[in-house]
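Given next are the chains, with one letter for each unit.
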Amino acid sequence: MERVKKENYDHILVFSIASYLSGTFQAFRLAATSHDITNITFVDSHTAAAPIRHVAIKARNMADRGESIETILAYADRVFKDSKTYILPDNIEQLVRGGRVKGAVAALINLLKVRLGLSIDYNSSTIDKFDTARTETKLFSSVIEDFKKRGVSAHTHKIYFPECEAKLRVEAFKNALEDIIPGCETESIVLPAAIAAHVGLNTFGIQAVLKD
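Cut-off values and rules
- Residues numbered from 1 in each chain as written.
- Predicted model: local features only at pLDDT ≥ 70, side-chain atom pairs only at ≥ 80, totals over all residues.
- Heavy atoms only, no water.
- 1 Å grid on protein atoms, 1.4 Å probe; cavity = no way out; pocket = protein on both sides within 12 Å on 5 of 7 lines; lining within 4 Å.
- Points joined across faces, edges and corners; volume = space filled by probe spheres on them.
- Helix = DSSP H or I, 4+ residues; strand = E, 2+ residues; numbered from the N terminus.
- Phe/Tyr/Trp six-rings, centres within 6.5 Å; stacked < 30°, edge-to-face > 60°.
- Buried < 20%, exposed > 50% of the residue type's maximum accessible area, 1.4 Å probe, protein only.

In total, this model carries two cavities of 30 Å³ or more according to the counting rule given. In this structure, the largest cavity spans a volume of roughly 50 Å³. What lines the largest cavity is A48, A49, T85, I87, I120, P162, L191, I195, G205 and Q207. At the level of elements, strand 3 (84–88) and strand 8 (203–210) are the ones that each hand at least two residues to the lining of the largest cavity.

Counted according to the given criterion, the structure contains nine aromatic pairs. Between Y86 and F130, the aromatic rings sit 5.1 Å apart at their centres with planes inclined by 80°, giving edge-to-face as the arrangement. Within this pair, whereas Y86 is found in strand 3, its partner F130 is found in strand 5 (residues 128–133), the two being separated by 44 residues in sequence. Take Y86: its relative accessible area is 0%, and that puts it in the buried class. Judged by its relative accessible area of 19%, F130 is buried. Judged by centre distance (5.2 Å) and plane angle (85°), the ring pair of F140 and F173 falls under edge-to-face. Placement of the pair is F140 in helix 7 (residues 136–149) and F173 in helix 8 (residues 167–180), with a sequence separation of 33 residues. The pair F140 / F173 is uniform in exposure class, with both members buried. Ring pairing ties together the aromatic residues F140, F161, F173 and F204, which thus form one cluster.

Now the structure itself:
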């Protein structure tokens, strides 16, 4: 914040990971206040990873074109409110260790040998269970069906895959997606460590982000 203040920007925009997932949002606010920075706007994205990255890059481009702060923030608001993150752990071991899946539920999941899908939604303040399925293929289908209900298409959205050593699983999902919603632009990025620590290796996320 000391460096940013010295740059003497017209205005500063901060797009933060969901405040219920991290203390980053409040840390930014405290840092700005302690350095008496007033030309700054903080946006709680209510999400993580790709939508924030996507909006930050788009905001930079919009600013370079001379578009107003209000226009940039309106775009960010549309993207964040539209966003939903699907997280597909390889197993529930790390979730149990972190206390996000309780012992009895874990025992039932292991007994039934089902795959677990989690989600982060703009209107929620927790990481929720999205679905369970007997096979990974069925879990993929459930995500893609939800895409269709939400109006996700190759024209309107770009699909990001935050992943943690899960490239083979990502490729399998991309093949399934191409069969149902062909032509989607996709990109893999690193799953943030704060989330990877909870869900474990070979986990990946799926995020459909509005292009415009």
